[in-house]
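# Coordinate analysis (summary)
Residue strings, one per chain:
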Amino acid sequence: MITSKQTNRKFNDFIAYSQDGIYNLLPFKFIQLSDDRELLVNEVGDFLIVDLGTAKRIILKELNKELDGELYGDLIANFFITEDRIPYLLDIIATRYRTKKSFLDNFTALHIFVISLRCEHTCHYCQVSRVSEDKESFDMQKFHIKRGIEIMMQSPNSHVTMEFQGGEALLAFDNIKYGVEEAEAYAALIGKQITFVICTNLAPVTRDMLNYCREKNVIISTSLDGPSYIHNQNRHKKGNDSYELAIRGIELCREILGNDGVSALTTTSTLSLSYPNEIVQEYIDRGFTSIFLRPISPFGFATRAASKNKYNTDLFLKYYKTALDKIIQRNLDGYFFREDYASIILKKILSPFPIGYVDLQSPAGMINNVIVFNYDGKIFASDEARMLAEMNDFTFQLGHLDETNYNDIFYGEKALEFTSAGINEALPGCSDCALQAYCGADPVLNHTTQGNLIGHRPTNVFCQKNMGIIKHLFLLMDADPKIAKVFQSWIRN
């Protein structure tokens, strides 16, 4: 039986929880990295790699200032413990946390315009339902381009990016020119900066197109999946010359736009898993100074060719770690070469600054940092969301360019629902994870693979991949100071 006296009982005064001469705990999390090492991480992402069992000693207040002098000092300096009831640098901690989340200050930057669904490739891992290159009815209409620009210019962000995607975007180059010139004129009127990007396989590229890109400072993003025997199988095209056209296009881009005017991405198919070193070497041989190793996303056509595209996360992690070993060795040999996904994570680990990569943001980057205007006028919360729509799942559609205004898109009920599901500080299995500060959230992937926005962390591929990579990076830094220096160089360049 509960008495009224018990229900009215108050908490003890704060002093009751303090002990003279014993430190106080600040919020931190911990995770075992290996048989003898564990990782401690505080609320702002500061970390210490220590002997296994150290977290237990800290929590039980078994540390001695004299006997554990160096460790004790590190814990004080890195805000894991405090000798004061309230840390005298609490405002500094708050400022650093606010800095980590400052990517939210300016709101949406990346605006993707799916300028055409036409494509002359038939890549087996394609996530969108491409159509043949002669069906111009699948091009984005100019009035939709203009309306998308009007919405883009309402973003509070002073510097926006207008990215043209497909299909194959260059098949609708006249529409790209229209979009660039409309956006350029609008941005000049309101004093907004704008960056233009074209995502293309480069097969249709011409000198005239690239001369226009040079005039308008348009950046080219392309695909290179490795040597020809990988690229041509992954990215099928009549004539079996996708690789040759990509290499010709990259060289032409460098000639006209300069080395910084073109970048490339690789997608990991089942075939790719057997060739991690060869794929890295292809990028080195082609004069790139970085590579982005990424798995296939489980959307669209990619789900229909399971033998070519479906593999478990452990196989990808084995491939990734092998490729990363080769990349690290090249750096140790004196040549700068970076793995981009690791670099994004390392920036979150080793610097106080935010990152712009939407997949590793919390709240999730969908809507907050990216929005998609599809070729047919539909508006989606992310690139993956429009891929999901190609499978007739319109869960993440936010509206239509013909009828939806800015406030309804970005502050409507759907936007609030998706944002709430994308805050990893509040997600089960994430909120108490030591790696949470370095990770993100992906409601679209959760919905696709697990049937709800929140997901189930123990069986979640996003979680498995990121935990595997993040723990591996920490172990590498702990094992060899030379590797730690290599990683520092990646986030400086």
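Look above for the structure.
### Focus: the overall build of the protein
Within the protein, the secondary structure is distributed over 19 helices and 16 strands. Projected onto its principal axes, the C-alpha positions of the protein cover 80 × 55 × 45 Å. When the 493 residues of the protein are sorted by exposure, 53% land in the buried category. Counting only contacts in the protein whose residues sit at least 6 apart along the sequence, the fraction spanning at least 24 positions is 69%. About 23,000 Å² of surface is accessible on the protein, with carbon and sulfur atoms providing 50% of the total.

### Notes on the nonpolar core
Residues M162, F164, I198, F474 and F487 are the most contacted members of the largest nonpolar core, which totals 120 residues. Per-element accounting of this core gives the leading share, eight residues, to helix α12 (residues 313-332). Setting aside chain neighbours within four positions, we find I198 in contact with F164, A169, L170, F173, I176, C213, V218, I219, I220 and S221. I58, L63, F80 and I81 belong to the second largest nonpolar core, which has twelve residues in total.

### Brief notes about the packing of helix α13 (residues 340-350) against helix α19 (residues 481-492)
The geometry of α13 relative to α19 is characterised by a closest axis approach of 9 Å and an angle of 100 degrees between their N-to-C directions. Viewed along their axes, α13 and α19 adopt a mutual orientation that is roughly perpendicular. The residues of α19 that touch α13, namely those facing A342, S343, L346, K347 and L350, are F487, Q488, W490 and I491. Class assignment of the residues belonging to the contact of α13 with α19 gives a composition of six nonpolar, two polar and one charged.

### With respect to the pairing of strand β4 (residues 47-51)
Where strand β3 (residues 37-42) meets β4, five bridges bridge the pair, whose relative direction is antiparallel. Following the sheet pairing, R37 is matched in β4 by D51.

### Some words on α12
Taking 1.5 Å of rise per residue, the 20 residues of α12 would be expected to cover 28 Å, and the 28 Å separating its terminal C-alpha atoms lies within 8% of that figure. T313, F316, L317, Y319, Y320, A323, L324, I327, I328 and N331 are the residues of α12 that are buried. Capping the start of α12 is the job of one residue whose side-chain oxygen sits 3.1 Å from the backbone nitrogen of D314: N312. In the stretch just after α12, G334 is the one whose phi turns positive, near 105 degrees.

### A closer look at the side chain of S343
Residue position: S343 is located in helix α13. Apart from the residues lying within four places of it in its own chain, the contact partners of S343 are R338, W490 and I491.

What counts, and where the lines are drawn
Residues numbered from 1 in each chain as written. Predicted model: local features only at pLDDT ≥ 70, side-chain atom pairs only at ≥ 80, totals over all residues. Heavy atoms only, no water. Helix = DSSP H or I, 4+ residues; strand = E, 2+ residues; numbered from the N terminus. Buried < 20%, exposed > 50% of the residue type's maximum accessible area, 1.4 Å probe, protein only. Contact = heavy atoms within 4.5 Å. Areas by Shrake-Rupley, 256 points an atom, 1.4 Å probe, with all protein chains shown as cover. Core = buried A, V, L, I, M, F, W, Y, C linked by side-chain atoms within 4.5 Å. Axes fitted to C-alpha atoms, helices over the stretch in contact; angles between N-to-C directions. Parallel < 35°, antiparallel > 145°, perpendicular 65-115°, else oblique. Nonpolar A, V, L, I, M, F, W, Y, C, P; charged D, E, K, R; others polar. Pairing = 2+ DSSP bridges. Expected span 1.5 Å × (residues − 1). Polar contact = N/O pair within 3.5 Å; in protein donor to acceptor, adjacent residues only side chain to side chain.

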